[in-house]
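Topology and contacts: notes
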Amino acid sequence: MKFPITLKIFIGFLVIVLLSLAANLLFFLQLNRLEGFIHDSNLGAQKISILQNMLMDLQQEEKIIQSYYVLSSTETDSAAYVKKQYEQLSKVFKSHISKVSSKKLSKSLKNNIYELDLSFSKFQEWFGTEFALLDSGKFEEAWDLFQSEKRKREYRQFEELLSKLPGKSRNFASLTELEGLLTRFHSLVHSWITAEYKKGRFFQVSNGLDNSLALLKKIPGTNSAAINEIERSHSTLLDGFTRGYDIRSLSDSLFPVITDRIFTLRDSEFKAFQNYAKKSEELGTITRQIWLWGTLGMFLLSLLIAVVITTRIAKPIFNLKKATQVAKKGKYDELIPITSNDEIGELTMDFNEMLRELGALEEMKANFIASITHDLKSPLGRIKGALANLQDQLLGPVNDQQKDLLTMMEKDSKTLGRLIHNLLDLQKIEAGTFQLDYQKVEMNAFISDCIKDFTLEAKNNGIDIKKSLSFKELDVMIDQRQIVRVFDNLINNAIKFTEPGGKITVEGEVLKGKVKIGIIDTGRGIPPDQIKQVFDKFYQVKTKTFSSKGSGIGLTITKAIIKAHKGDIWVESDLGFGTAFYFELPIEIK
């Protein structure tokens, strides 16, 4: 059953998505639990804060009641009594002022009387304003006005005038009585306003405590029975204060009860808060661990799935690439194992079939070449024998034109013989039956002999050929006949690609147990995109202005000979400036 790659990728992606959703769901549930504990902790902290504020309000109420009890312990704290004292003071003051004003006084004394009367009028104005504020329930404003610096300063001015006038004239002696009345009245007003202010503050603080109780009732999880008991006790206290009951005994009995209930409730909420905070911390640690290990696990699992999928896809592609590289070298027997039943498996199957067909075709071609090569050897031998007989004039004399024709035919027969020989060697190389006959050869003389065979041909083509060796005597273990073929192929190519007037240099040096030889020409060069292909079988270099002629197997055999000697060969070229072939041979056989 075919299993497409897209389906594999989709299933892998779906697995990752499902696992991610599962991990996110688990993390979400943990977050919800953590959020619940945090919410309960916040509510607990809020309740503790409210209860703490209630304790502070209760302490203020208790202080206010104590102050109020002291200030209101006499019968002179009522508004009616204060008004009565104020009217009596005003009456006495007006009476004394009238008596003094009816007498003959100096102008300056009259001015003093006028200032005293004016100052008392301001005092009356202040008192009237304060009384009006108290009647309207504005206790704090009345208190602030009574305690203001301006009012205190004007009262001191009035007091100073009242105390100085009796000393200036006997006519003012009667005003001395007003000083005592004024002092007692001012003290009475101070006590009365302070008591009223305390009473107003008590109701303000009480409202704050009642609001806190109402807020506590709205918070879920609050001990409603304790809240109701506190509310009832506080309402009793507030009602008693409003109705004027024995506030001292009432507060002494109720304040400890309310305080104790609030403390108990606060301690209970504090313990619950500590418990919620502890659970929140523990759950937070677990949630962080789930997130950390879940993220790491998902990353590793996703990476594993990705590696599995990519491996299942990439490995067959890598095998295809590797088999392609091998097939490029003419080896078609390395088939790729089929490891999947998807499109890549089908592609692998088709590729293997192609390799089999190419192998069969290559084998057919090799058999054909081998057969033709062997079949050509005998006729070519007879042709060479006939040409030799004709050149030796054994069958009769030949003229000059016939001699030139025979020479050309002899050269072509040698070329054909070399081609046949190369093809046979190529078959041996590919079959793995190519063998070397090692001999100890002195390289300096050997290279000189190789160059000598091409000296005449190079000279006829206008090319200078020379050697440049860094060693004089060097014995190397090589197959002399095969290395001669290497030099023949490389020097022959150099001559072919070098224009008249150019030069060919054969260099040599010893490097770490190897001899390095270079055949360097100043010819046309090889295009950069063709350098890697020059050693391929039947490949011929082509440019826009030149195309080489030949069998295309000379460099292939050259490379095979060097590799058989455990050496290496490479080419460097600069298009338009020349080419250099280098090869290395080990000096000793290992």
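Here, the structure is the one placed above.
What you see is a predicted model, and the numbers here were worked out from it, not measured in a lab. Per chain, the residues get numbers from 1 upward, laid out in the order the sequence is written. Residue-level local features of this predicted model are given only where pLDDT is at least 70; pairs of side-chain atoms are given and counted only at 80 or more, and the full residue set underlies all totals for whole chains, interfaces and linings. The side-chain figures draw on all heavy atoms in the structure; neither hydrogens nor water molecules are used.

Another point: the pattern of salt bridges. Pairing between side chains becomes possible if they bear opposite charge and their charged atoms approach one another. Note on definitions: salt bridges are taken to be side-chain nitrogens of Lys or Arg within 4 Å of carboxyl oxygens of Asp or Glu. Within this structure, the stated rule accounts for seven salt bridges. With a closest N to O distance of 3.2 Å, E269 and K47 form a salt bridge. Placement of the pair is E269 in helix α8 (residues 247-328) and K47 in helix α1 (residues 5-71), with a sequence separation of 222 residues. With respect to class, E269 is no different from K47; both count as buried. We note a salt bridge from R261 to E229, for which the minimum N-O separation is 2.6 Å. Residue R261 is located in helix α8, and its partner E229 is located in helix α7 (residues 224-243); the two are separated by 32 residues in the primary sequence. In this scheme, a residue with accessible area under 20% of its type's maximum is buried, one over 50% is exposed, and one in between is partly exposed, where area comes from a 1.4 Å probe on protein chains only. For R261, a relative accessible area of 28% corresponds to the partly exposed category. On the basis of relative accessibility, which here comes to 25%, the residue E229 falls in the partly exposed class. Connected through shared salt-bridge partners, E229, D260 and R261 make up one network. Helix and strand assignments follow DSSP, with helices taken as H or I runs no shorter than four residues and strands as E runs no shorter than two, numbered in order from the N terminus.

Time to look at helix α12 (residues 480-497). Side chains of residues three or four places apart in an α-helix project in the same direction, reflecting 3.6 residues per turn. By definition here, a helix of n residues has an expected span of 1.5 Å times n minus one. Helix length check: α12, at 18 residues, gives a terminal C-alpha distance of 26 Å against a target of 26 Å (1.5 Å per residue), a fit within 8%. Here α12 has its buried residues at Q482, I483, R485, V486, F487, N489, L490, I491, N493, A494, I495 and F497.

On the basis of which strands lie adjacent, the open sheet formed by five strands has the order β2-β4-β5-β7-β6 and mixed pairing. Only two strands of the sheet have a single partner each, and these edge strands are β2 (464-469) and β6 (568-574). Taken pair by pair, the neighbouring strands of this sheet meet at an average axis angle of 15°, ignoring direction. When DSSP finds at least two bridges between two strands, those strands are taken to pair. In this structure, β6 lies alongside strand β7 (residues 578-586), joined through seven bridges in antiparallel fashion. Structural elements are reduced to axes, namely lines fitted to C-alpha atoms, with helices fitted over the stretch in contact, and the angle between N-to-C directions of any two is expressed from 0 to 180 degrees.

Here K512, not a glycine, exhibits a phi torsion of approximately 50°, which is positive. Looking at the element boundaries, K512 is found in the loop between β4 (503-511) and β5 (514-521). A relative accessible area of 87% means that K512 is categorised as exposed. With a phi angle near 65°, K566 is a residue other than glycine that sits in the positive phi range. On the secondary structure map, K566 appears in the loop between α13 (554-564) and β6. With a relative accessible area of 65%, K566 lands in the exposed category.

Attention now moves to the packing of aromatic side chains. Ring pairs shown here join Phe, Tyr and Trp side chains whose ring centres sit within 6.5 Å, with only the six-membered ring taken for Trp; geometry is labelled stacked below 30 degrees between planes, edge-to-face above 60, and tilted in between. For the coordinates displayed, the defined rule picks out four aromatic pairs. Ring centres of F446 and F487 lie 5.9 Å apart, and the angle between their planes is 75°; this geometry places the pair in the edge-to-face category. One end of the pair, F446, is in helix α11 (residues 443-460); the other, F487, is in helix α12, with 41 residues separating them in the sequence. The same class applies to F446 and to F487, which are both buried.

Turning our eyes to something else, we now look at a nonpolar patch on the surface. Only residues whose relative accessible area exceeds 30% and that take part in no salt bridge are eligible for patches, with like-charged residues grouped when within 9 Å of each other and nonpolar side chains (Val, Leu, Ile, Met, Phe, Trp, Tyr) grouped when within 5 Å. In short, Shrake-Rupley with a 1.4 Å probe defines the accessible areas, and a residue's cover is counted only from the protein chains shown. On the surface, a nonpolar cluster with roughly 890 Å² of combined accessible area is contributed by L7, F10, I11, L14, V15, L18, L19, L21, L301, L304 and V308. Contributions of two or more residues to the nonpolar patch are made by α1 and α8. Here the nonpolar patch gets eight residues from one element, more than from any other, and that element is α1. In this structure, F10 sits in helix α1.

Among the buried residues, those of types Ala, Val, Leu, Ile, Met, Phe, Trp, Tyr and Cys that are joined through side-chain atoms within 4.5 Å form a nonpolar core. Counting residues in each nonpolar core, the largest one holds 44 residues, and the members touching the most others are F446, I447, I483, F487, I519 and F583. When sequence neighbours within four positions are dropped, the list of residues in contact with I483 reads F446, I478, I561, I562, H565 and L585. Within the second largest apolar cluster, 30 residues are counted, among which are L89, F127, L145 and W192. Note on contacts: a residue pair is in contact if any heavy atoms of the two residues lie within 4.5 Å.

Put simply, α11 and α12 touch, their axes get as near as 10 Å, and they point 35° apart. Once α11 is placed against α12, the crossing between them reads as right-handed. Together, F446, I447, C450, I451, F454, E457 and A458 of α11 and Q480, I483, V484, F487, D488, I491, N492 and I495 of α12 make up the contact between the two elements. If you view the pair so one helix is near and one far, a crossing is left-handed when the near helix is turned anticlockwise from the far one by less than a right angle, and right-handed when it is turned clockwise.

Contact pair α12 / α13: the axes reach a minimum separation of 9 Å and the direction vectors enclose 140°. Judged by the inter-axis angle, α12 sits oblique to α13. In the packing of α12 onto α13, the handedness of the crossing is left-handed. Two secondary-structure elements touch here, α12 through Q482, I483, R485, V486, N489, L490 and N493 and α13 through G554, L555, I557, T558, I561 and I562. Orientation is classified from the angle alone, with under 35 degrees giving roughly parallel, over 145 giving roughly antiparallel, 65 to 115 giving roughly perpendicular, and any other angle giving oblique.

Below, the discussion takes up the pairing of β5. Within β5, six of the eight residues are buried, which leaves it mostly tucked inside the rest of the structure. The pairing of β5 with β7 spans seven bridges and is classified as antiparallel. Opposite V515, over in β7, you have L585 as the bridge partner.

Let's shift gears to the environment of Q435. As for its position among the elements, Q435 is in the loop between α10 (400-431) and β1 (439-442). Judged by its relative accessible area of 68%, Q435 falls in the exposed class. Along the sequence, Q435 and A564 sit 129 residues apart, while their C-alpha atoms lie 8.1 Å from each other.

All right, on to a positive patch on the surface then. Neither His nor the chain ends contribute to the count of charged residues, in which Lys and Arg are positive and Asp and Glu negative. A charged residue contributes its charge at one atom only: NZ of Lys, CZ of Arg, CG of Asp or CD of Glu. Together, K122, K150, K152, R153 and R156 make up a positively charged patch on the protein surface. Judged by its relative accessible area of 31%, K152 is partly exposed.

In terms of residue burial, α13 counts as a mostly covered element, since eight of its eleven residues are buried. Every buried residue belonging to α13 is among G554, L555, T556, I557, T558, A560, I561 and I562, and all of these are buried. Following α13 by one or two positions, K566 adopts a phi angle in the positive range, close to 65°.

Residue placement: R418 occurs in helix α10. Under the relative-accessibility criterion, R418 is labelled partly exposed at 47%. Placed 136 residues apart in sequence, R418 and G554 show a C-alpha to C-alpha distance of 9.9 Å.

Taken by themselves, the reported measurements are silent on function.
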